[in-house]
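This is what each chain is made of:
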Amino acid sequence: MMGGVVKMSDVAREAGVSKMTVSNVINGRPGASDDTRARVLEAVARLGYRVNATARRLRAGRTGAIGLLVPHLDGPYYSHLAARLDTLARARGYHVIIERTGASREGELAAISPERVRPYDGVVFSPVQIDTADVRRAGVEVPVLLLGERRLAGEFDHVMMDNVGGAELATSYLLERGARRIALIGGRTDDGVDSMATLRTRGYRKAHATAGVPVDEQLVVDAASFTTKDGYEAVMRLHRDGVRFDGAFALTDAAAMGALRALADIGLRVPDDVQVVGFDNDAEGEYLVPRLTTMDPDNDTMAERIMDLLLRRVEEDSSDVGDVVESVMSARIVVRESTLDEALGR
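In this text, all values refer to a predicted model and were calculated from it rather than measured experimentally.

Trainee: What am I meant to see in the pairing of strand β1 (residues 65-70) here?
Mentor: Within a regular beta strand, the side chains point alternately toward one face of the sheet and then the other, so they alternate between its two faces. Across the six residues of β1, six count as buried, placing the element largely inside the fold. Covered by surrounding structure in β1 are Ala65, Gly67 and Leu69 together with Ile66, Leu68 and Val70, the residues of both alternating faces. In this sheet, strand β2 (residues 95-100) lies alongside β1 in parallel orientation, the contact comprising six bridges. Each bridged residue has a counterpart across the sheet, and for leucine 68 the counterpart in β2 is isoleucine 98. With respect to chirality, the unit in which β1 leads through helix α5 (residues 76-91) into the neighbouring parallel β2 is right-handed. In terms of strand pairing, β1 meets strand β3 (residues 122-125) through four bridges, oriented parallel. What sits directly across from glycine 67, in β3, is valine 123.

This is the structure in structure tokens:
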């Protein structure tokens, strides 16, 4: 080597194995024993071997681009997810190109058309208005991973949040701490369409049913787009209408931030008068007054799962990849200052 570029054959010689074994270990393929795998990885580290991702892609006829098709980037959720996916992609020799669909059927069909996705090696797609049948009819020839709220027919790998379970946990947490009139900021009538809002509304209702606490429908407050402004206006609307509430579950942290501002303007104390829980664990929530209790969907793990599943399809023959995967990510509660410290047990 003598200061030159370290080759796979150098690693194979150092580890005492074949080049094929080195390739299998580096690419995570099965077949090598634990001892062999350890020897190869030690040789890789000792020699400073680096995979030439560009050359590999050129040989495979790939571009190194991953398409991320999302409804919008106005709120923190998709912008944060895009940043996480881009970081993970770059670490593996790819880059992410983001396209906003506008959450319209026309925009989504255009974004997933063969002409638009042709420059990509694979696509992460968060559909709102179309389903897997539409994606199949589009005739996309690159791997597609679906990201979103709805359970979709199992034709593509799919990573989704357990919205019902997360919302049920958030609502139950408020009920356990004595709240009996919990405003649902951004709640939606269940029209049979599995959107984020309808799924989290189901979780809210499920928690009430389990606790034997009836839901006052006046407390289910619709919101246009779950922004800080929407959260503020929802709480002010409840106040103007004279609707009492001692808890608030906002479907996003952004809406929860608006709710906190509205409660302060009204003169209600959090958590003494009204307890508040958000959803998303946005970084800003830790610096509010009071700090926001929220549901953490573990976006880092979700991003890792998305990239692992997609690049497995991109980098390996489809016959070697296996069945379609549906991965449901659970949320956990992050307790801060906007809720009471202890359950009241009543």
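Trainee: What exactly am I supposed to notice about helix α9 (residues 163-176) here?
Mentor: For an α-helix, the turn length of 3.6 residues means that residues three or four places apart are oriented alike. With 14 residues, α9 extends 20 Å between its outermost C-alpha atoms, agreeing within 8% with the 20 Å of an ideal straight helix rising 1.5 Å per residue. Along α9, the residues that are buried comprise Asn163, Gly166, Ala167, Glu168, Ala170, Thr171, Tyr173, Leu174 and Leu175. Phi for glycine 178, located one or two positions after α9, is positive at around 95°.

Trainee: Would you mind going over unusual backbone geometry with me for this structure?
Mentor: Among all residues save glycine, negative phi is the norm, and among peptide bonds the norm is trans. Here the amide bond leading from valine 270 into proline 271 is cis, since omega sits at 10°, within 30 degrees of zero. Inspection of the secondary structure assignment puts proline 271 in the loop between α12 (253-266) and β9 (275-279). In this model, valine 289 is joined to proline 290 through a cis peptide bond whose omega is -5°. Mapped onto the fold, proline 290 is located in the loop between β9 and β10 (293-296). At asparagine 281, a residue that is not glycine, the phi angle is positive and equals roughly 55°. Here asparagine 281 is to be found in the loop between β9 and β10. One non-glycine residue with positive phi stands out, namely aspartate 298, at about 55°. Along the chain, the position of aspartate 298 falls in the loop between β10 and α13 (299-315).

Trainee: How should I be thinking about the sheet that holds strand β5 (residues 157-161) in this particular structure?
Mentor: In any sheet, the strands associate via hydrogen bonds between backbone groups, in a parallel or an antiparallel arrangement. Pairing is parallel in the open sheet, where six strands are placed in the order β2-β1-β3-β4-β5-β11. Since the sheet does not close on itself, it has two edges, and those belong to β2 and β11 (326-329), each with one partner. On average, each strand axis in the sheet is tilted by 15° relative to the strand beside it, whichever way the strands run. By the bridge criterion, three bridges tie β3 to strand β4 (residues 144-148) in an arrangement that is parallel.

Trainee: Help me understand the nonpolar core, please; the structure alone is not making it clear to me.
Mentor: Here is a general trend for soluble globular proteins: nonpolar side chains tend to be buried in one another's company. Grouped together as the largest cluster of nonpolar side chains are 69 residues, with contacts concentrated most on Leu81, Val124, Phe245, Phe249, Val276, Met302 and Ile306. The leading source of residues in this core is α13, at eight residues. In contact with phenylalanine 245, other than residues within four places in its own chain, are Arg181, Ala183, Leu219, Val235, Leu238, Leu263, Asp273 and Val274. Counting residues in hydrophobic clusters, the runner-up holds 16 residues, among them Ile112, Val117, Ile130 and Leu146.

Trainee: What is the right way to read the packing of helix α2 (residues 19-26) against helix α3 (residues 34-47) from this model?
Mentor: In a pair of packed helices, the angle between the axes and the distance between the axes together describe the arrangement. Where α2 meets α3, the closest approach of the two axes is 10 Å, and the angle between their N-to-C directions is 90°. For the element pair α2 / α3, the angle class is roughly perpendicular. Taking contact as the criterion, the partners of Thr21, Val22 and Val25 in α2 are, on α3, Thr36, Arg37, Val40 and Leu41. Among the residues making up the contact of α2 with α3, the classes are represented as four nonpolar, two polar and one charged.

Trainee: Just checking my understanding: could you explain the pairing of β10 for this structure?
Mentor: On β10, burial covers both faces: Thr293 and Met295 on one face and Thr294 and Asp296 on the other are all buried. Relative to β10, β9 runs parallel, the two sharing three bridges. Residue pairing across strands places phenylalanine 279 opposite methionine 295, the latter belonging to β10. Of the strand pairs in this sheet, β10 and strand β12 (residues 332-334) are connected by three bridges, and their pairing is antiparallel. Paired with aspartate 296 across the bridge in β12 is arginine 332.

Trainee: What am I meant to see in the packing of aromatic side chains here?
Mentor: What characterises a pair of aromatic rings is the spacing of the ring centres plus the angle enclosed by the ring planes. Taken as a whole and judged by the stated rule, the model has one aromatic pair. Look at tyrosine 77 and tyrosine 78: their rings are 5.0 Å apart centre to centre, the planes differ by 75°, and that puts the pair in the edge-to-face class. No difference in accessibility class separates tyrosine 77 from tyrosine 78, as the two residues are buried. Positioned over the ring face of tyrosine 173 is arginine 177, at 3.5 Å from the centre of the ring. The ring of phenylalanine 279 has arginine 200 lying over it, and the distance from NZ or CZ to the ring centre is 3.6 Å.

Trainee: What am I meant to see in the sheet that holds strand β7 (residues 220-221) here?
Mentor: Taken in spatial order, the six strands of this open sheet run β7-β6-β8-β9-β10-β12, and their pairing is mixed. Each having just a single partner strand, β7 and β12 make up the two edges of the open sheet. Bridge count between strand β6 (residues 182-185) and β7: two bridges; the pairing is parallel. From the neighbouring strand, isoleucine 185 faces β7, where its bridge partner is valine 221. Strands in contact with helix α11 (residues 228-240) are β6 and β7; relative to β6, the strand with the most contacts, it is inclined by about 140°.

Criteria and cut-off values
- Residues numbered from 1 in each chain as written.
- Predicted model: local features only at pLDDT ≥ 70, side-chain atom pairs only at ≥ 80, totals over all residues.
- Heavy atoms only, no water.
- Buried < 20%, exposed > 50% of the residue type's maximum accessible area, 1.4 Å probe, protein only.
- Helix = DSSP H or I, 4+ residues; strand = E, 2+ residues; numbered from the N terminus.
- Pairing = 2+ DSSP bridges.
- Right-handed = clockwise from strand over helix to strand, strands pointing away.
- Expected span 1.5 Å × (residues − 1).
- Axes fitted to C-alpha atoms, helices over the stretch in contact; angles between N-to-C directions.
- Core = buried A, V, L, I, M, F, W, Y, C linked by side-chain atoms within 4.5 Å.
- Contact = heavy atoms within 4.5 Å.
- Parallel < 35°, antiparallel > 145°, perpendicular 65-115°, else oblique.
- Nonpolar A, V, L, I, M, F, W, Y, C, P; charged D, E, K, R; others polar.
- Phe/Tyr/Trp six-rings, centres within 6.5 Å; stacked < 30°, edge-to-face > 60°.
- Lys NZ or Arg CZ within 6 Å of the ring centre and 35° of its normal.

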